[in-house]
Amino acid sequence: MKKFKHSEITPEKVYKNRRKFLKNLGYGFSSLSLSLLPFSNHSIANNNISNLTSFKDVTTYNNYYEFGTSKSDPYRRSQNFITRPWSIKIEGEVEKTIELPIEEVLAIPSEERVLKLRCVEGWSMIIPWLGFSMSKLLNKVKIKSSAKFVEFESVYNPEEMVGQRYPILNWPYIEGLRIDEAMHPLTTVVTGLYGKPLPNQNGAPLRIFIPWKYGFKSAKAIVKIKLVKNMPNTAWKNASPREYGFYSNVNPEVDHPRWSQATERVIGESILAPRVKTLMFNGYGDEVANLYSGMDLKKYF
Ligand code: MTE
């Protein structure tokens, strides 16, 4: 496995210049694999933030408890993590279980999706992800009408993942969505970021990303996707049901029992910079609010 050196970090300047260059040539962003989703610009405008978080911050300030609980642990400890061979099982309430080699999943065309991550801890980043809508993956199986939820399972590998040798969470890391949430076009299977394959610390070889939910819903290093009848018992809800609900929608009006969720710190800004207001559904309300019409979001937090 290739080691990741500081000198190799692509400064986002190089990345941005490449995009500018393509734009000036009249290629727009659709050439190479750098197409921008129609709603990405809009989403950023919605969020009132225009700067991408630096590649360095995106890849050295992480939450990935399988590698430890401090922000630099995933970067420091995941570099030798082996992500090949790898496969993803789709099972449960489906006509036929399938197991896809990672190569087949990565062959699904990825596009650039500039989307904001809002962590439940109160910070956020704007990340140029590479990925595709999860519906493309789920459509590879025939889902039975009995299926109501989707459960995502991260890899269990305590030999390589030191954090899994301790009962920090109930391993493996489990997350879940309702089927309609999983099928929403903004729900993304992430294959890379900043135009490159996904770094280990960000969830290689494959993670999910749900931009209107707190970051912990976006499970890393996925090995299993299970269609289920009942609401999954997710890792964080299991650890502390009072603090972490199943829905986990970004909601400035519902505070965490131990802190406010009304504002956030933008990673990369000076520590003296004022915190910015957190937006309902992380700014993606136009796209996703209809999924929750009629629901009491204080009760279903
Ligand atoms: N997935 C797994 N398997 N283990 C984790 O500890 N942390 C979550 C989420 N996915 C986590 C995980 C949390 S709390 C956040 S905020 C995001 O990953 C962070 O993603 P990033 O490190 O790519 O920014």
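Anyway, here's the lowdown on the structure attached to this text. (Residues numbered from 1 in each chain as written. Predicted model: local features only at pLDDT ≥ 70, side-chain atom pairs only at ≥ 80, totals over all residues. Heavy atoms only, no water.)

### Some words on the overall build of the protein
The condition that has to hold: Helix numbers and strand numbers start at the N terminus; a helix is a DSSP run of H or I with at least 4 residues, a strand a run of E with at least 2. Each residue is placed in one exposure class: buried if its accessible area under a 1.4 Å probe, protein chains only, is under 20% of its type's maximum, exposed if it is over 50%, and partly exposed if it falls in between. Here a residue-residue contact requires only that any non-hydrogen atoms of the pair lie within 4.5 Å. Accessibility throughout is a Shrake-Rupley quantity obtained with a 1.4 Å probe, and a residue counts as covered only by protein chains that appear here.
Assigned secondary structure in the protein consists of nine helices and 12 strands. In the protein, which comprises 301 residues, the share counted as buried stands at 56%. Residue pairs at least 24 apart in sequence account for 69% of intrachain contacts in the protein once pairs closer than 6 positions are excluded. Total accessible area on the protein is roughly 13,900 Å²; 53% of this is exposed by carbon and sulfur atoms.

### Examining the site of the ligand
As a reminder of what qualifies: Nearness here has a simple test: a residue counts as near a molecule or strand if at least one of its heavy atoms is within 4 Å of that partner. What qualifies as a polar contact is a pair of N or O atoms within 3.5 Å, subject to a donor-acceptor requirement within protein and to the restriction that residues adjacent in sequence count only when both atoms come from side chains. Throughout this entry, Asp, Glu, Lys and Arg are counted as charged residues, while Ala, Val, Leu, Ile, Met, Phe, Trp, Tyr, Cys and Pro are counted as nonpolar. The remaining residues, Gly among them, count as polar.
As a matter of local geometry, the ligand sits amid 16 residues, with N62, Y65, E66, S218 and K220 nearest to it. In this structure, N63 approaches the ligand through a main-chain N or O atom, which is 3.2 Å from a nitrogen atom. Considering the ligand on its own, with 540 Å² of exposed area, one finds that the protein chains cover 98% of that surface. When its residues are assigned to classes, the shell around the ligand shows seven nonpolar, six polar and three charged.

### Remarks on the sheet that holds strand 5 (residues 149-154)
Where we set the bar: Pairing between two strands requires that DSSP report at least two bridges joining them. Only the stretch in contact is used when fitting a helix axis, every axis being a line fitted to C-alpha atoms; angles between N-to-C directions are given from 0 to 180 degrees.
Spatially, five strands are ordered 2-1-10-5-6 in an open sheet, and the strand pairing comes out mixed. Unpaired on one side and paired on the other, strand 2 (98-101) and strand 6 (174-178) mark the two borders of the sheet. Here the strands of the sheet are splayed against their neighbours by 15° on average, with no regard to which way each runs. Looking at chain direction, strand 5 and strand 10 (residues 222-228) are connected through six bridges and run antiparallel. Looking at the pairing, F149 lines up with V228 of strand 10.

### A few points about the pairing of strand 10
One face of the sheet, then the other: side chains in a regular strand alternate in exactly this way. Note: strand 1 (residues 87-92) against strand 10, four bridges, orientation parallel. Note on strand 10: the bridge partner recorded for K89 is K224.

### Side note on the nonpolar core
Just so we agree on the cut-off: The nonpolar core is taken to be a set of buried Ala, Val, Leu, Ile, Met, Phe, Trp, Tyr and Cys residues, with the residues joined through side-chain atoms within 4.5 Å.
By size, the foremost hydrophobic cluster in this structure holds 77 residues, and its most contacted members are L137, W212 and I225. By residue number, the principal contributor to this core is strand 4 (residues 123-133), which donates six residues. When near neighbours in sequence (up to four residues on either side) are disregarded, W212 contacts E181, H184, L186, T187, N249, V250, F281, N282, Y284, V288, L291 and Y292.

### Quick notes on the packing of aromatic side chains
Using the following cut-off: For Phe, Tyr and Trp, where Trp contributes only its six-membered ring, two rings pair if their centres lie within 6.5 Å, and the inter-plane angle classes them as stacked under 30 degrees, edge-to-face over 60, or tilted in between. In our convention, an over-ring charge means Lys NZ or Arg CZ found within 6 Å of a ring centre and within 35 degrees of that ring's normal.
Applying the stated criterion to the full structure yields 15 aromatic pairs. Geometrically, the ring pair formed by F246 and Y247 is edge-to-face, given 5.4 Å between the ring centres and 90° between the ring planes. Taking relative accessible area as the criterion, F246 reaches 4% and is therefore assigned buried. Given a relative accessible area of 7%, Y247 falls into the buried group. Stacked on the ring of Y61, the Lys or Arg K71 has its end atom at 5.7 Å from the ring centre. Cation over ring: K217 sits above F246, and NZ or CZ is 4.3 Å from the ring centre.

### Considering the pattern of salt bridges
A side chain with one charge may pair with a side chain of the opposite charge, provided their charged atoms come close. Going by this rule: By convention in these notes, a salt bridge is any Lys or Arg side-chain nitrogen within 4 Å of a carboxyl oxygen on Asp or Glu.
Across all of its chains, the model carries 13 salt bridges by this definition. Among the ionic pairs, E91 bridges to K224, the shortest N-O distance being 3.7 Å. Highlighted residues: E91 in strand 1 and K224 in strand 10, separated in sequence by 133 residues. Accessibility expressed as a relative area gives 23% for K224, which makes it partly exposed. A single network of salt bridges, built from pairs that share partners, joins D73, R76 and R77.

### Notes on unusual backbone geometry
Geometrically, the link from R84 to P85 is a cis peptide bond, its omega value of -5° lying close to zero. Mapped onto the secondary structure, P85 falls in the loop between helix 4 (73-77) and strand 1. A cis amide bond, omega -5°, links W171 with the succeeding residue P172. Tracing the backbone shows P172 in the loop between strand 5 and strand 6. Non-glycine residue S248 carries a positive phi angle of around 55°. Mapped onto the fold, S248 is located in the loop between helix 8 (235-239) and strand 11 (263-266). What makes S248 buried here is its relative accessible area of 2%. Although it is not a glycine, F281 sits at a positive phi angle of roughly 50°. Among the secondary structure elements, F281 is positioned in the loop between strand 12 (276-277) and helix 9 (285-288).

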